[in-house]
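Observations on the model geometry
Here's the letter readout for the chains.
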Amino acid sequence: MQMRRLGPDLEVSAVGLGCMSMSGTYGSTFDDVESRATLLRAVELGITLFDTADVYGPFANESLVGHGLAAVRDRVVLSTKFGFVRDSRGENLGVCGRPDYVRQSCDLSLQRLGTDHIDIYWQHRVDPAVPIEETVGAMAELVAAGKVRHIGLSEAGPDTLRRAHAVHAVAAVQSEYSLQSRDVETDVLGVCRELGIGFVAYSPLGRGLLTGAIASATELPADDWRRTSPRFQGAAFDHNLALVTACQEVAAELDCTLAQLALAWVLAQGDDIVPIPGTRKRHNLEANAEAADLVLSAAHLARLEELVPRDAVQGDRYSDMSAISR
């Protein structure tokens, strides 16, 4: 597995593993045994970056990931997030960036992960009611206390990122980025590169759409979150799926899957970018890991740009985009 650098001094595998789907979100049918096997197989393949959050499950995913990787803790980079407030039943209570909440959330995440430090601690979404300087100040205190090694921001806008970085070095920004989701190219990626901040791309496979494995949104489980996603609705889904299908010829030329092509495209956008495709199955993980060795020529990249122009996708990423890029 090739390695990449996030910020000045954090080295991680070129492809990481997003663990959210191991504890729900894309349907309530999941298998902890297979998920644990997938985590350990990832380590065998050289993957070092594992991404979770307190809200996944909620709360259950951190325990699954932490305990599943306990035997290899010194070989992995554990990445988790705070900010989405949930009650004991999992009901959404909004976002919070208050310093006391940051400290409390960190201690609870450490307990669930079964570790004495978090390698990357992310603010999941910016709280508009709390100045970013206060939130990052609390995160900086956690670094000073040895509870956190590096801090990150998820779905933060350029102004927020600059203000945060002035308080404490931000190792990386995590936002959605894929062949069909390119909003960050407008300004966020530029600010990251100006400040020496790495970038972690979540949903690099378009929540499964870019794999070509979903022919209809009706195939998804009834409780799958994607059924509420605008990009999976009606005419928008048909349009977006056609974009994916158009890329099949390029994948065939390269003797790779559509998913591997999509991951290779993200990797080709800069060596400061690390995609974290999510899966709970070993065979998908193994195929995704192979994308790190797939090199796209300038001609292939140009063809993909023609087939999937930057603004070609239809539908917002979420049904409510109000918490994005603050």
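Please read these numbers as outputs of a predicted model, since none were measured by experiment.

**Structural notes on the overall build of the chain**
Along the backbone of the chain there are eleven helices and twelve strands. Taken against the 2.2 N^0.38 rule, which gives 20 Å for 326 residues, the C-alpha radius of gyration of the chain at 19 Å falls within 12% of a compact globule. For the chain, with 326 residues in total, the buried portion stands at 56%. With an accessible surface of roughly 13,200 Å², the chain has 50% of that area assigned to carbon and sulfur atoms. Taking the 30 positively charged and 44 negatively charged side chains of the chain as two groups, their mean positions are separated by 3 Å.

**Here's the deal with the layout of surface pockets**
Estimates place the volume of the second largest pocket at around 160 Å³. The wall of the second largest pocket is formed by D54, V55, F59, F84, V85, R86, Y101, Q104, S105, L108 and R112. Of all elements in the fold, only β6 (84–86) and α3 (99–113) reach the threshold of two or more residues within the lining of the second largest pocket.

**Observations regarding the sheet that holds strand β12 (residues 273–275)**
Pairing is parallel across the open sheet formed by eight strands, whose spatial order is β3-β4-β5-β8-β9-β10-β11-β12. Because the sheet does not close on itself, it has two edges, and the strands there are β3 (17–18) and β12. Note that β3 and strand β4 (residues 49–51) share two bridges and pair parallel. Bridging from a neighbouring strand, L17 pairs with F50 of β4. Sheet strands touched by helix α9 (residues 258–267): β11 (198–202) and β12. Its angle to β12, the strand with the most contacts, is close to 160°.

**Description of the packing of aromatic side chains**
Pairs of aromatic rings are described using the distance from one ring centre to the other and the angle between the two planes. Enumeration over the complete set of coordinates arrives at four aromatic pairs. A ring pair is formed by F82 and Y121, whose centres lie 5.0 Å apart and whose planes are at 35°; its orientation type is tilted. Here the residue F82 occupies a position in strand β5 (residues 77–82), and Y121 occupies one in strand β8 (residues 118–123), the gap between them amounting to 39 residues. Classification of F82 as buried rests on a relative accessible area of 0%. Ring geometry for Y177 against F199: centres 5.8 Å apart, planes inclined by 85°, an arrangement best described as edge-to-face. One end of the pair, Y177, is in the loop between β10 (170–176) and α6 (188–195); the other, F199, is in strand β11, with 22 residues separating them in the sequence. By relative accessible area, Y177 is classed as buried at 1%. What makes F199 buried here is its relative accessible area of 1%. Here a set of aromatic residues connected by ring pairs shows up, and it is made of Y177, F199 and W265.

**Here we look at the environment of R149**
Here R149 is to be found in strand β9 (residues 148–154). Under the relative-accessibility criterion, R149 is labelled partly exposed at 46%.

**Things to note about the environment of L254**
Relative to the helices and strands, L254 is located in helix α8 (residues 248–254). Taking the C-alpha atoms as reference points, L254 and L294, 40 residues apart in sequence, are found 8.5 Å from one another. In contact with L254, not counting residues within four places along its chain, are L261, L294, L296 and H300.

**Examining the pairing of strand β2 (residues 10–13)**
Judged from the four bridges that link them, strand β1 (residues 3–6) and β2 form a sheet pairing that is antiparallel. Looking at β2, one finds that R5 is bridged to E11. Counted along the chain from β1 to the antiparallel partner β2, the turn is three residues long, and its residue G7 has a positive phi close to 70°.

**Re α3**
With 15 residues, α3 extends 21 Å from end C-alpha to end C-alpha; this agrees with the ideal 21 Å at 1.5 Å per step. Considering only its buried residues, α3 is in contact with α2 (60–68), β5, β6, β8, α4 (132–144) and β9. Remark: G114 follows α3 within two positions and exhibits a positive phi of approximately 70°.

**Here we look at the packing of α4 against helix α5 (residues 158–167)**
In contact at an axis separation of 9 Å, α4 and α5 are set at 40° when each is read in the N-to-C sense. Relative to α5, the element α4 is oriented oblique. The two elements α4 and α5 cross, and the hand of that crossing is right-handed. Counting all contacts with α4, which are made through I132, E133, V136 and G137, the residues of α5 involved are T160, R163, A164 and V167. Within the contact of α4 with α5, the residues separate by chemical class into four nonpolar, two polar and two charged.

**Focus on the pattern of salt bridges**
Applying the stated rule across the entire model yields 23 salt bridges. Of the charged contacts in the structure, one is a salt bridge between R73 and D119, with a shortest N-O distance of 3.0 Å. Note that R73 is positioned in the loop between α2 and β5 and D119 in strand β8, a separation of 46 residues in sequence. Take R73: its relative accessible area is 17%, and that puts it in the buried class.

How each quantity is defined
- Residues numbered from 1 in each chain as written.
- Predicted model: local features only at pLDDT ≥ 70, side-chain atom pairs only at ≥ 80, totals over all residues.
- Heavy atoms only, no water.
- Helix = DSSP H or I, 4+ residues; strand = E, 2+ residues; numbered from the N terminus.
- Rg over C-alpha atoms; globule rule 2.2 N^0.38 Å.
- Buried < 20%, exposed > 50% of the residue type's maximum accessible area, 1.4 Å probe, protein only.
- Areas by Shrake-Rupley, 256 points an atom, 1.4 Å probe, with all protein chains shown as cover.
- Lys, Arg positive; Asp, Glu negative; His and termini not counted.
- Charge placed at Lys NZ, Arg CZ, Asp CG, Glu CD.
- 1 Å grid on protein atoms, 1.4 Å probe; cavity = no way out; pocket = protein on both sides within 12 Å on 5 of 7 lines; lining within 4 Å.
- Points joined across faces, edges and corners; volume = space filled by probe spheres on them.
- Pairing = 2+ DSSP bridges.
- Contact = heavy atoms within 4.5 Å.
- Axes fitted to C-alpha atoms, helices over the stretch in contact; angles between N-to-C directions.
- Phe/Tyr/Trp six-rings, centres within 6.5 Å; stacked < 30°, edge-to-face > 60°.
- Expected span 1.5 Å × (residues − 1).
- Parallel < 35°, antiparallel > 145°, perpendicular 65-115°, else oblique.
- Left-handed = near helix turned anticlockwise from the far one by under 90°.
- Nonpolar A, V, L, I, M, F, W, Y, C, P; charged D, E, K, R; others polar.
- Salt bridge = Lys/Arg side-chain N within 4 Å of Asp/Glu carboxyl O.

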